[in-house]
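# Structural features, examined
Listed below are the residues making up each chain.
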Amino acid sequence: MHAPYDRSTARERGGATDVAGVVVLGGCAAWSLISATGREARPEGVLLAVFAVAAGYAFGRICGTLLPVAAASAVSLAALGLAMASPEGVPGAGAGDPLQPGHTGAAAALLVLAAGAASCGACAARPPVLRLALRGLALAVACTALWLGSVAGFAAATGVLLCSLAAARMHRRTAPLGALALVTGLLVATSWGVAEDALPDGLTVSLEGQLTQNRVALWHDAVELAEDEPLRGVGPDRFGLLSPTAQQVAGSDGKPHSASLQQAAEQGVVGVVLLGAAFGWMLYGLWRSPRSTPVVLSAGAALTALAALASLGNALSFAPVTVGAGLLAGLATARVAGGDAAETDDDAAPAAVRAR
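Conventions and cut-offs
Residues numbered from 1 in each chain as written. Predicted model: local features only at pLDDT ≥ 70, side-chain atom pairs only at ≥ 80, totals over all residues. Heavy atoms only, no water. Phe/Tyr/Trp six-rings, centres within 6.5 Å; stacked < 30°, edge-to-face > 60°. Helix = DSSP H or I, 4+ residues; strand = E, 2+ residues; numbered from the N terminus. Buried < 20%, exposed > 50% of the residue type's maximum accessible area, 1.4 Å probe, protein only. Contact = heavy atoms within 4.5 Å. Polar contact = N/O pair within 3.5 Å; in protein donor to acceptor, adjacent residues only side chain to side chain. Core = buried A, V, L, I, M, F, W, Y, C linked by side-chain atoms within 4.5 Å. Patch = residues over 30% accessible without salt bridge, like charges linked within 9 Å, V, L, I, M, F, W, Y side chains within 5 Å. Areas by Shrake-Rupley, 256 points an atom, 1.4 Å probe, with all protein chains shown as cover. Salt bridge = Lys/Arg side-chain N within 4 Å of Asp/Glu carboxyl O. Axes fitted to C-alpha atoms, helices over the stretch in contact; angles between N-to-C directions. Parallel < 35°, antiparallel > 145°, perpendicular 65-115°, else oblique.

Our focus in this paragraph is the packing of aromatic side chains. Aromatic rings in a pair are described by how distant their centres are and how their planes are angled relative to each other. One pass over the structure, following the stated rule, counts two aromatic pairs. Measuring from ring centre to ring centre gives 6.3 Å for tyrosine 284 and tryptophan 287, while their planes differ by 35°; the resulting arrangement is tilted. Separated by three residues within a single helix, tyrosine 284 and tryptophan 287 lie in helix α12 (residues 259-287), roughly one turn from each other. A residue is classified by how much of its surface remains accessible, and tyrosine 284, at 30% relative accessible area, is partly exposed.

Given below as structure tokens:
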């Protein structure tokens, strides 16, 4: 039997999530400064990303508490507008497939966030007409990705929409969120396997054909730099200066186009652990969220799709993307005013509450 909604329990959940977020994000900021100490490094980019996530998360929590559906709709439309305005709207962003040379994947990431926010709004909406309209907005986002020529954006946005439709009938969140975490781990492990030539030859050749030789060469450079400085890395924003591949390619942005490999090269093993902890914190917040399971799983699917794009590109290098990720996580973990019992379930509640 489901436990009744308890405001004190919701506050307890939110407080634990907030404390974890402060520790993780504070650790990310502090380690970037430690890694940059004594070097001509530039930790400003990391600090900006941390601030963007924190600000977006806080604003999302506030708006999600006051106007959950309207806020989700506004975030979706804003992300869609920025993606359509690329490259002018997002500095350095290209709308094309992030697996192709020269494209950053920022526009694809914004499309994913737009689809995720629209899906969250649809799951939270009560009137059937409004729910259908927001589903239509998510579908329009996927179609826009095709119009912009972003194959990755179309695939990711469509996946988020399908996951949201499937989540509408789910009442438990632990197993689905665990599956999303597993998918992310497999994608990161695959990118590392390609970078270290640890995969079977046939699979490696197939993946290199999709990723392009330039991308794989950048990943190889990242692994070599990480092996030279395993603890602190070479310093934030120094990959482009030390990577032979990045220096030889005209117009290179100086990024290895993989968030985990960039962390390993520039901030060492501690940076990789902190990056994983940041993603884990978001999933933990979703697991303990007082929002309904469909809302939680829709946001989780969008964040997982974003993590997939980040493992193959440099989407997280752009402030609009990191702000959007924080906003989406905040919207999906906000306490809804009024404490509707439909907004919670037993799966995320502490054992003592379930027993009571």
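Next comes the rest of the description.
Attention shifts here to the side chain of threonine 17. Examined against the element boundaries, threonine 17 turns out to sit in helix α1 (residues 7-36). The residues touching threonine 17, leaving out its near neighbours within four places in the chain, are Tyr57, Trp281, Tyr284, Gly285 and Arg288.

Time to look at the side chain of threonine 304. Relative to the helices and strands, threonine 304 is located in helix α13 (residues 293-312). On the basis of relative accessible area, threonine 304 is assigned to the buried category, the value being 7%. A polar contact is formed between the side chain of threonine 304 and the backbone oxygen of glycine 300, at a distance of 2.8 Å. Contact partners of threonine 304, with chain neighbours within four places excluded, come to Leu180, Val183, Thr184 and Phe279.

The next subject is the nonpolar core. Counting 73 residues, the largest nonpolar core has Leu286, Leu303, Val321 and Leu328 as the members making the most contacts within it. Dropping the residues within four chain positions of it, leucine 303 is found in contact with Phe279, Met282, Leu286, Ala325, Leu328 and Ala329. Core analysis: the next-biggest nonpolar cluster, separate from the first, contains 14 residues, Val194, Leu225, Ala246 and Ala265 among them.

Before going further, it helps to spend a moment on unusual backbone geometry. The backbone of threonine 212 sits at a positive phi, close to 80°, despite the residue not being glycine. Here threonine 212 lies in the loop between α8 (201-211) and α9 (213-228). One non-glycine residue, aspartate 237, lies in the positive phi region at around 65°. Position of aspartate 237 relative to the elements: it lies in the loop between α9 and α10 (239-242).

A cluster of nonpolar residues, Ile62, Leu66 and Leu67, forms a patch on the protein surface that exposes about 340 Å² of accessible area. The exposure class of isoleucine 62 is exposed, given its relative accessible area of 51%.

Tracing the backbone through its elements, the reader meets asparagine 214 in helix α9. Taking C-alpha positions, asparagine 214 is 8.9 Å from alanine 246, a pair spaced 32 residues apart along the chain. With near-sequence residues (within four places) excluded, asparagine 214 lies in contact with Thr245 and Val249.

Where helix α7 (residues 174-195) contacts α13, the two axes come as close as 10 Å, and the packing angle between them is 0°. Judged on the interaxial angle alone, α13 and α7 are roughly parallel. Taking contact as the criterion, the partners of Pro176, Leu177, Leu180, Val183, Thr184, Leu187, Val188 and Ser191 in α7 are, on α13, Val296, Leu297, Gly300, Ala301, Thr304, Ala307, Ala308 and Ser311.

Per the stated rule, a full pass over the model turns up four salt bridges. A salt bridge links aspartate 18 to arginine 61; its shortest N-O distance comes to 2.9 Å. Of the two residues, aspartate 18 is situated in helix α1 and arginine 61 in helix α2 (residues 44-66); the sequence distance between them amounts to 43 residues. Take arginine 61: its relative accessible area is 13%, and that puts it in the buried class. Residue aspartate 237 pairs with lysine 255 through a salt bridge whose shortest N-O separation is 3.6 Å.

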